[in-house]
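# Structure at a glance
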Amino acid sequence: MGGNSPCASCKLLRRRCAKDCIFAPYFPSDDPHKFAIVHKVFGASNVSKMLQELPLHQRADTVSSLVYEANARVRDPVYGCVGAISYLQNQVSQLQMQLAVAQAEILCIQMQQEQAPITTTSPVLLEEDDKSSLFLHQNDLPQFLTFSSSNNVIYDSFKKESLFGQDMIS
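These numbers were taken from a predicted model, which means no experiment stands behind them.

Moving on to the nonpolar core. As a rule of thumb, nonpolar side chains are buried together in soluble globular proteins. With 20 residues, the main nonpolar core has Cys7, Cys21, Phe23, Phe27, Val38 and Leu51 as its most contacted residues. When contributions to this core are tallied by element, the ones reaching two or more residues are α1 (8-13), α2 (32-42), α3 (44-53) and α4 (56-75). For this core, the element with the highest residue contribution is α4, accounting for 4 residues. Beyond its immediate sequence surroundings of up to four residues, Phe27 is in contact with Cys7, Ala8, Ser9, Lys34, Phe35, Val38, Val63 and Val67.

Here it is in structure tokens:
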């Protein structure tokens, strides 16, 4: 961007932005925080060396990764991105476990229905307040199924905020 408007890195470092400034294409002047955080974590000299060693087509992705890692390091100085990855892996494991439990419950219900054919075509709710209980008529004998649910675990694991202040789900 050399000339009229210096890039964010040249503004922060208080130097003249040359026409061939390596930072200008990746750190525009309208987003100074982006370079400031990368500079704080990695240092301008190190970032400059990294970018110079890379082919042009890889530099934009590298800057994006550096910004992401720098943000992660500021939020979690010890673990950085690894902490976020570990958190997400644990969340996936918990959700897989919940899925397996739900699939097992479905299988049990299907097996119960296969063992004792239901004569009534439509289920009747036992209580209007209790949505997890279902009352079925089977050969004029009532069958009572109760589903234990852990909805609070599901809602806790899908919080609308992520580690980095962005929405995980809409």
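The next point concerns α2. Each full turn of the α-helix corresponds to 3.6 residues, which orients residues three or four apart in the same direction. For α2, the complete set of buried residues consists of Phe35, Ile37 and Val38. Projected onto a plane normal to the axis of α2, the buried residues spread over an arc of 165° and lie on a single side. Facing away from the buried side of α2 by more than 90 degrees, the exposed set consists of His33 and Lys40. Residues of α2 that are buried in the fold lie against α1, α3 and α4. Positive phi appears at Gly43, one or two residues downstream of α2, with a value of about 90°.

Turning our eyes to something else, we now look at the packing of aromatic side chains. Overall, the coordinates contain 3 aromatic pairs when judged by the stated rule. Centroid distance Phe27 to Phe35: 5.1 Å. Interplanar angle 75°. Geometry classified as edge-to-face. With relative accessibility at 0%, the residue Phe27 sits in the buried group. Linked through ring pairs, Phe23, Phe27 and Phe35 together constitute an aromatic cluster.

Here the focus is the environment of His33. By the element assignment, His33 lies in helix α2. Residue classification places His33 among the exposed residues on the basis of a relative accessible area of 54%. On a C-alpha basis, the gap between His33 and Leu12 in space is 9.6 Å, while along the polypeptide they are 21 residues apart.

If you check the backbone angles, Arg14 has positive phi at about 55° while not being a glycine. Mapped onto the secondary structure, Arg14 falls in the loop between α1 and α2.

Let us look at the packing of α3 against α4. Between two packed helices, the angle of one axis relative to the other and the distance separating the axes together describe the packing. Two numbers describe how α3 lies on α4: the axes approach to 9 Å, and their chain directions differ by 150°. One element, α3, and the other, α4, form an angle in the roughly antiparallel class. The two elements α3 and α4 meet at a crossing, and its hand is right-handed. In contact with Val47, Met50, Leu51 and Gln52 of α3, α4 contributes Arg59, Thr62, Val63 and Leu66. Residue composition of the contact of α3 with α4, grouped by class: 5 nonpolar, 2 polar and 1 charged.

What follows concerns the side chain of Thr62. As for its position among the elements, Thr62 is in helix α4. For Thr62, a relative accessible area of 18% gives the class buried. In this structure the side chain of Thr62 is engaged in a polar contact, spanning 2.8 Å, whose partner is the backbone oxygen of Gln58. Excluding residues that lie within four positions of it along the chain, Thr62 makes contacts with Leu51 and Leu54.

The rules behind the values
- Residues numbered from 1 in each chain as written.
- Predicted model: local features only at pLDDT ≥ 70, side-chain atom pairs only at ≥ 80, totals over all residues.
- Heavy atoms only, no water.
- Core = buried A, V, L, I, M, F, W, Y, C linked by side-chain atoms within 4.5 Å.
- Buried < 20%, exposed > 50% of the residue type's maximum accessible area, 1.4 Å probe, protein only.
- Helix = DSSP H or I, 4+ residues; strand = E, 2+ residues; numbered from the N terminus.
- Contact = heavy atoms within 4.5 Å.
- Arc of directions from axis to C-beta.
- Phe/Tyr/Trp six-rings, centres within 6.5 Å; stacked < 30°, edge-to-face > 60°.
- Axes fitted to C-alpha atoms, helices over the stretch in contact; angles between N-to-C directions.
- Parallel < 35°, antiparallel > 145°, perpendicular 65-115°, else oblique.
- Left-handed = near helix turned anticlockwise from the far one by under 90°.
- Nonpolar A, V, L, I, M, F, W, Y, C, P; charged D, E, K, R; others polar.
- Polar contact = N/O pair within 3.5 Å; in protein donor to acceptor, adjacent residues only side chain to side chain.

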